[in-house]
Amino acid sequence: MIHSTVLLIPAFREAGRVGDVVREVQRLDLGLDVLVIDDGSPDETASEAEAAGATVLRHPFNLGYGSALHTGYCYAHRQGYARVVQMDADGQHEAAMLPRLLEALEQGVDVAIGSRYLENSPPPTSVVRRLGTRLFAWIASRWVGHRITDPTSGFQGLSQRALASVCNDGFPEDYPDTDVLVEHHRRGLAIAEVPVRMHARKGGVSMHRGARIAYYGYKMLVTLLLLPIRRPTPLRRRDSVARLS
Amino acid sequence: MSGCLLRAAALVDLEPLPERQRLVALIFAVCMVTAVFELVRRRKLREEYSMVWVATALALAVLAVNHDLLITLSRWIGAASSVSTLFFGALLFLLALVLQFSVRLTRLTHRNRTLGQRLALLEEEVQRLRRERKAAPPEPSLRKKAGASQDEVA
């Protein structure tokens, strides 16, 4: 049976975790098609997800979290899905919270963000990350015009309108968060946060670690600074991945 | 103020390059062109990338042979000696080259990404179609009909 909503799960080196995540979603029977995008993992991520019953897209090599998401968006666009929800493969996001995102989309929101800061106590993180999140939450709130508490959350739902906008080839290949939110707002999409519970990751490697945090801060500031005057995509076509050949 | 500076620069007495330095620069330029052509011959360097190297070697050779040009250029950029003009030129050349490579690298990275993504999507599609065909192979009568309609068109 083809559903109108697809759940995207980008995964890199998540063998041992991704299978549980997929099975948990299917156990809840929310009427979602599950798509795992394996971002060139050297381990059993793809086969584990497939065995759990998900459709799997395999990147031939590691392209980055943003690219994995973008591939998923393009798949959803090509298959004509009406809505997209996305969650992480490492067990940080709880499948039981998905109905909250779906409900927000149902109410006409274009971009529903699952925020760990709205009513629940978030899992502990380092001081640098907490400060960074505060800074970017402040920037996002100022730009969007209402309070955004968790701009780095990868637990999101997108309407078809929002989906058409993120299929653009200019979608960032790493760390798509505050800049993408601001871009959504510039395109006139309605953004709303939904309170969710999150957990500490169940093993594996985080993409926010070590020197990458410094790069993250730099990248986000440069991207936000140039956002109003930047070309939308590096290649001439805006949709070379989403377009059906 | 700027007129003053220009006059001061013009007053600096610029010596032409000593013979030995000119010879070294000339030999270096010839070696550079030879090496670049050899790499192009072995197809280890594309013509596209070789042009900027050959142009630099030629510029070096011309400046080494023609003192007047080098001295005029040194006055123009306000260099204290002719040799530093050559160094300055080399530095500019390297900076431009590295920047150009970064730009090309960015473009290649993006193309690579797009290819990888399209490959992932197409692979999934091929697998899905294969599964579908296995589950329900096309009926022979249908195949014949398709062939007949093609003949009609032809």
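Sequence positions are assigned chain by chain, starting from 1 and proceeding in written order. To read the labels, note that chains go from A and ligands from 1, taken in the order they are written. In view of the model being predicted, local features appear only for residues whose pLDDT reaches at least 70, and side-chain atom pairs are presented and counted only at 80 or more, with totals across whole chains, interfaces and linings using the full set of residues.

## Brief notes about the overall build of chain B
And then number 1: On a plain count of helices and strands, chain B comes out with six helices and zero strands.
And then number 2: Helices and strands appear in chain B in the N-to-C order α-α-α-α-α-α.
And then number 3: In this scheme every C-beta is placed from the backbone, and a residue whose C-beta has 20 or more other C-beta atoms within 10 Å is buried, one with 12 or fewer is exposed, and one in between is partly exposed. Residues counted as buried form 11% of the 154 residues belonging to chain B.
And then number 4: Sequence-distant contacts, at least 24 apart, represent 61% of the contacts inside chain B between residues at least 6 apart. What counts as a helix is a DSSP run of H or I of at least four residues, what counts as a strand is a run of E of at least two, and both are numbered from the N terminus. It is the C-beta atoms, placed from the backbone, that decide contacts: two residues are in contact if theirs lie within 7 Å.

## Observations regarding the overall build of chain A
And then number 1: Of regular secondary structure, chain A possesses eight helices and seven strands.
And then number 2: Radius of gyration (C-alpha) of chain A: 17 Å, near the 18 Å computed for a compact globule of 245 residues.
And then number 3: The C-alpha extent of chain A, read off along each of the three principal axes, is 45 × 45 × 40 Å.
And then number 4: In chain A, which comprises 245 residues, the share counted as buried stands at 46%.
And then number 5: Taking the contacts inside chain A whose residues are at least 6 apart along the sequence as the reference set, 78% of them involve residues at least 24 apart. Restricting the calculation to C-alpha atoms gives the radius of gyration, and the globule rule supplies 2.2 Å times the number of residues raised to the power 0.38.

## Here we look at the pairing of strand β3 (residues 55-58) of chain A
Residues and elements named next belong to chain A.
And then number 1: Inspection of the sheet shows strand β2 (residues 33-38) paired to β3 by four bridges, in the parallel sense. In the sheet register, Ile37 faces β3, and the bridge partner there is Leu57.
And then number 2: Handedness is read with the strands pointing away from the viewer; a crossover is right-handed when the path from the first strand over the helix to the second is clockwise. With respect to chirality, the unit in which β2 leads through helix α2 (residues 45-51) into the neighbouring parallel β3 is right-handed. If DSSP finds at least two bridges between two strands, the strands pair.

## Quick notes on the interface of chain A and chain B
And then number 1: Listed per partner, the contact involves 19 residues of chain A and 12 residues of chain B.
And then number 2: Counting only elements with at least two residues in the side of chain A that touches chain B, the list comes to β3 and α3 (65-79) of chain A.
And then number 3: The element that contributes the greatest number of residues to the side of chain A that touches chain B is α3(A), accounting for six residues.

## Details of the confidence of the model for chain B
And then number 1: The predictor reports its confidence for every residue as pLDDT, a score running from 0 up to 100. For chain B, per-residue confidence averages 83 on the pLDDT scale, and 82% of positions sit at 70 or higher.
And then number 2: Here residues 147-154 of chain B is modelled with pLDDT under 50, and outside its nearest four sequence neighbours on either side it reaches zero contacts, counting other chains as well.

## Brief notes about the nonpolar core
And then number 1: Here, a nonpolar core denotes buried Ala, Val, Leu, Ile, Met, Phe, Trp, Tyr and Cys residues that are linked to one another through C-beta atoms within 7 Å. Grouped together as the largest cluster of nonpolar side chains are 66 residues, with contacts concentrated most on Leu7(A), Ile9(A), Val34(A), Leu35(A), Val36(A) and Val84(A).
And then number 2: Top contributing element to this core by residue count: α3(A), with seven residues.
And then number 3: Discounting chain neighbours no more than four positions away, the residues touching Leu7(A) are Val25(A), Leu32(A), Val34(A), Leu35(A), Val85(A) and Met87(A).
And then number 4: Formed by seven residues, the second largest nonpolar core is a distinct cluster that contains Leu17(B), Ala29(B), Leu60(B) and Leu70(B).

## Here's the deal with the environment of Val222(A)
Residues and elements named next belong to chain A.
And then number 1: In this fold, Val222 is placed in helix α8 (residues 212-226).
And then number 2: A tally of 12 C-beta atoms within 10 Å means that Val222 is categorised as exposed.
And then number 3: Between the alpha carbons of Val222 and Ala89 there is a distance of 29 Å; along the sequence they are 133 residues apart.

## Here's the deal with the packing of helix α4 (residues 67-77) of chain B against helix α5 (residues 82-135) of chain B
Residues and elements named next belong to chain B.
And then number 1: α5 packs onto α4 with a crossing angle of 75° between their chain directions and a minimal axis gap of 9 Å. With respect to α5, the axis of α4 lies roughly perpendicular. Of the residues in α5, those in contact with Leu70, Ile71, Leu73, Ser74 and Ile77 of α4 are Ser82, Thr85 and Phe88.
And then number 2: Class assignment for the residues of the contact of α4 with α5 results in five nonpolar, three polar and no charged. Fitted lines through C-alpha atoms serve as axes, helices being fitted only where they are in contact, and the angles separating the N-to-C directions of these axes extend from 0 to 180 degrees. With respect to orientation, any angle under 35 degrees is reported as roughly parallel, any angle over 145 as roughly antiparallel, any angle of 65 to 115 as roughly perpendicular, and every other angle as oblique. Polarity classes work like this: nonpolar for Ala, Val, Leu, Ile, Met, Phe, Trp, Tyr, Cys and Pro, charged for Asp, Glu, Lys and Arg, and polar for all others, with Gly in that last group.

## With respect to the sheet that holds strand β4 (residues 83-86) of chain A
All names here are of chain A.
And then number 1: Read from one edge of the open sheet, seven strands run β3-β2-β1-β4-β6-β5-β7, paired in mixed fashion. Edge positions in the sheet fall to β3 and β7 (191-195), since each of these pairs with one other strand and no more. Between one strand axis and the next, the sheet turns through 20° on average, direction left out of account.
And then number 2: On the sheet, helix α1 (residues 18-28) packs against β1 (5-11) and β2 and is oriented at approximately 165° with respect to β2.

## Some details on the packing of α3(A) against α5(B)
And then number 1: Relative to each other, α3(A) and α5(B) sit at 45°, their axes nearing to 10 Å. Classified by the angle their axes make, α3(A) and α5(B) are oblique. Note that α3(A) runs across α5(B); the crossing there is right-handed. Across from Ser67(A), His70(A), Thr71(A), Cys74(A), Tyr75(A) and Arg78(A) in α3(A), the residues of α5(B) making contact are Arg113(B), Gln117(B), Ala120(B) and Leu121(B).
And then number 2: Considering only residue class, the contact of α3(A) with α5(B) consists of four nonpolar, four polar and two charged. In this scheme the crossing of two helices becomes right-handed for a clockwise turn of the near helix relative to the far one and left-handed for an anticlockwise turn of less than a right angle.

## Description of helix α7 (residues 178-186) of chain A
All names here are of chain A.
And then number 1: The buried fraction of α7 is high, at seven of nine residues.
And then number 2: Those residues of α7 that sit buried are Thr178, Asp179, Val180, Leu181, Val182, Glu183 and His184.
And then number 3: As for α7, its buried residues are in contact with β5 (111-115), α5 (127-144), α6 (160-166), β7 and α8.
And then number 4: Gly188 sits one or two positions beyond α7 and adopts a positive phi of about 80°.

## Re helix α2 (residues 19-41) of chain B
And then number 1: An expected span of 1.5 Å times one less than the residue number is assigned to each helix. Compared with the 33 Å implied by 1.5 Å per residue over 23 residues, the 33 Å span of α2(B) between its first and last C-alpha is a close match.
And then number 2: Backbone geometry just downstream of α2(B) places Arg43(B) in the positive-phi region, at approximately 60°.

## Focus on unusual backbone geometry
And then number 1: Non-glycine residue Arg13(A) carries a positive phi angle of around 50°.
And then number 2: Relative to the helices and strands, Arg13(A) resides in the loop between β1 and α1.

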